[in-house]
Amino acid sequence: DQFSRPARLSPLEAKALLWALDFVGGRLPLVGEESLASARAKIEDAVGHESSTGVELGAVQTASESVGTALARAVREDQVIEIDYWTESRGEVTTRVIEPHMLMNSRDAWYLVAHCRKAGEQRTFRLDRIRGATALDEHFERRAEVEAVPYQPWGSSSRPDALAHIARVWCSPAIARWLAEEHPSAERFSDGSIIAEIPYASEEWLVKEITKHGGEAVLHAPEALRAGVAGYAERIIALYAAAPARR
């Protein structure tokens, strides 16, 4: 009943929708992306080619369409797949046989959560670093232990022991405004800094989340993870010292 009459778009709304389709097209790991192209063509016909204005969409991390299509199909059909994966830390491409469980989008890129048979445990792969994907003639049974916890730190989990914990993090005035928009602040200080309460289910995620702020965020609690943050920061500094040309 809601679609008994055609949707009415203002010219500005139509242009915004065209820009959104341009941004999404080729970047989502979807099967049947031709439906997006069809929708775009219909909107462009209604708006008119001459009135369409270009816009710079910016640089984003993307995966090849063929890889995204193959992975989406493998996830949907529970099919074992072989991938060629670029490992940035080692600077090499490795071949892995994986059981793909889910595709998900984090803040910076699309990720594939899978059981890696080479590692014998769960691994998460960035789609833009997968150089090739070949479906194998084998299907797998879903593993209950494979979860999206590393990239959904505040999400729900089927395991009681994996539910989100709360970290208390001091944030300098330089980042306090942005962190306060995402997380509740337990304390605010006169210099503009805050204590933010950040939910997490993965300790690895929390360590990386704090370290990425380059010293503008300091972990107060849990104290047991402070050594992990310091150790991770030291490894990053050592990598930069070993390759100053990449700085």
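Here, every reference points to the structure presented above.
Residues numbered from 1 in each chain as written. Predicted model: local features only at pLDDT ≥ 70, side-chain atom pairs only at ≥ 80, totals over all residues. Heavy atoms only, no water.

Sorry if this is basic, but what is going on with the overall build of the protein here?
Per the secondary structure count, the protein includes 6 helices and 9 strands. Among the 247 residues that make up the protein, the fraction classed as buried is 32%. Taking as baseline every contact in the protein between residues at least 6 positions apart, the subset at least 24 positions apart corresponds to 56%. Entry remark: accessible area of the protein is about 15,400 Å², with carbon and sulfur atoms responsible for 52%. (Helix = DSSP H or I, 4+ residues; strand = E, 2+ residues; numbered from the N terminus. Buried < 20%, exposed > 50% of the residue type's maximum accessible area, 1.4 Å probe, protein only. Contact = heavy atoms within 4.5 Å. Areas by Shrake-Rupley, 256 points an atom, 1.4 Å probe, with all protein chains shown as cover.)

How should I be thinking about the sheet that holds strand 2 (residues 92-105) in this particular structure?
By way of backbone hydrogen bonds, the strands of a sheet pair with one another, either parallel or antiparallel. Strand order across the open sheet formed by 5 strands is 4-3-2-1-5, with antiparallel pairing between neighbours. Looking at strand neighbours, the two that pair on one side only are strand 4 (121-126) and strand 5 (130-139), the edges of this open sheet. Neighbour-to-neighbour, the strand axes of this sheet turn through a mean angle of 45 degrees, independent of strand direction. Relative to strand 2, strand 1 (residues 79-87) runs antiparallel, the two sharing 7 bridges. Each bridged residue has a counterpart across the sheet, and for Tyr 85 the counterpart in strand 2 is Thr 94. Of the strands in this sheet, strand 1, strand 2, strand 3 (110-116) and strand 5 are in contact with helix 3 (residues 65-77), which crosses strand 5 at around 30 degrees. (Pairing = 2+ DSSP bridges. Axes fitted to C-alpha atoms, helices over the stretch in contact; angles between N-to-C directions.)

Looking at this structure, how should I read the packing of helix 5 (residues 203-211) against helix 6 (residues 226-242)?
When two helices pack together, their arrangement is given by the angle between the helix axes and by the axis-to-axis distance. The N-to-C vectors of helix 5 and helix 6 enclose an angle of 60 degrees; their axes lie 9 Å apart at closest approach. Between helix 5 and helix 6, the angle falls in the class oblique. The handedness of the crossing between helix 5 and helix 6 comes out as right-handed. Between helix 5, through Val 207, Lys 208, Ile 210 and Thr 211, and helix 6, the contact on the second element is made entirely by Gly 228, Val 229, Tyr 232, Ala 233 and Ile 236. (Parallel < 35°, antiparallel > 145°, perpendicular 65-115°, else oblique. Left-handed = near helix turned anticlockwise from the far one by under 90°.)

I tried to follow helix 3 on my own but got confused; where do I start?
Since there are 3.6 residues in each turn of an α-helix, residues three or four apart along the chain are aligned in direction. Here helix 3 contains 13 residues, and its C-alpha end-to-end distance of 18 Å stays within 8% of the 18 Å for a straight helix at 1.5 Å per residue. Buried within helix 3 we find Val 67, Gly 68, Thr 69, Ala 70, Leu 71, Ala 72, Ala 74 and Val 75. Where helix 3 is buried, its residues meet strand 1, strand 2, strand 3 and strand 5. Positive backbone phi, approximately 55 degrees, marks Asp 78, located one or two places after helix 3. (Expected span 1.5 Å × (residues − 1).)

Help me understand the side chain of Thr 87 in this model?
Within the secondary structure, Thr 87 is located in strand 1. With residues up to four places along the chain from it excluded, the contact list for Thr 87 reads Glu 92, Thr 94 and Arg 96.

For this particular structure, what's the right way to read the packing of aromatic side chains?
The relative placement of two aromatic rings is captured by the distance of their centres and the angle of their planes. A complete count under the given rule lists 1 aromatic pair for this structure. Between Tyr 85 and Phe 125, the ring centres sit 4.9 Å apart and the planes meet at 75 degrees, which makes this aromatic pair edge-to-face. Placement of Tyr 85 in strand 1 and of Phe 125 in strand 4 is noted, with a sequence separation of 40 residues between them. The buried category is assigned to Phe 125, whose relative accessible area is 2%. (Phe/Tyr/Trp six-rings, centres within 6.5 Å; stacked < 30°, edge-to-face > 60°.)

Just checking my understanding: could you explain the nonpolar core for this structure?
Most often, soluble globular proteins have nonpolar side chains that are buried together. With 18 residues, the main nonpolar core has Val 169, Cys 171, Leu 206, Ile 210 and Leu 219 as its most contacted residues. Counting residues per element, the ones that place at least two in this core are strand 6 (165-171), helix 4 (173-182), strand 8 (194-200), helix 5 and strand 9 (217-221). Leaving out residues up to four positions away in the same chain, Leu 206 has contacts with Ala 167, Tyr 200, Leu 219 and Leu 225. Ranked by size, the runner-up nonpolar core spans 15 residues in total, among them Ala 70, Ala 74, Val 75 and Tyr 85. (Core = buried A, V, L, I, M, F, W, Y, C linked by side-chain atoms within 4.5 Å.)

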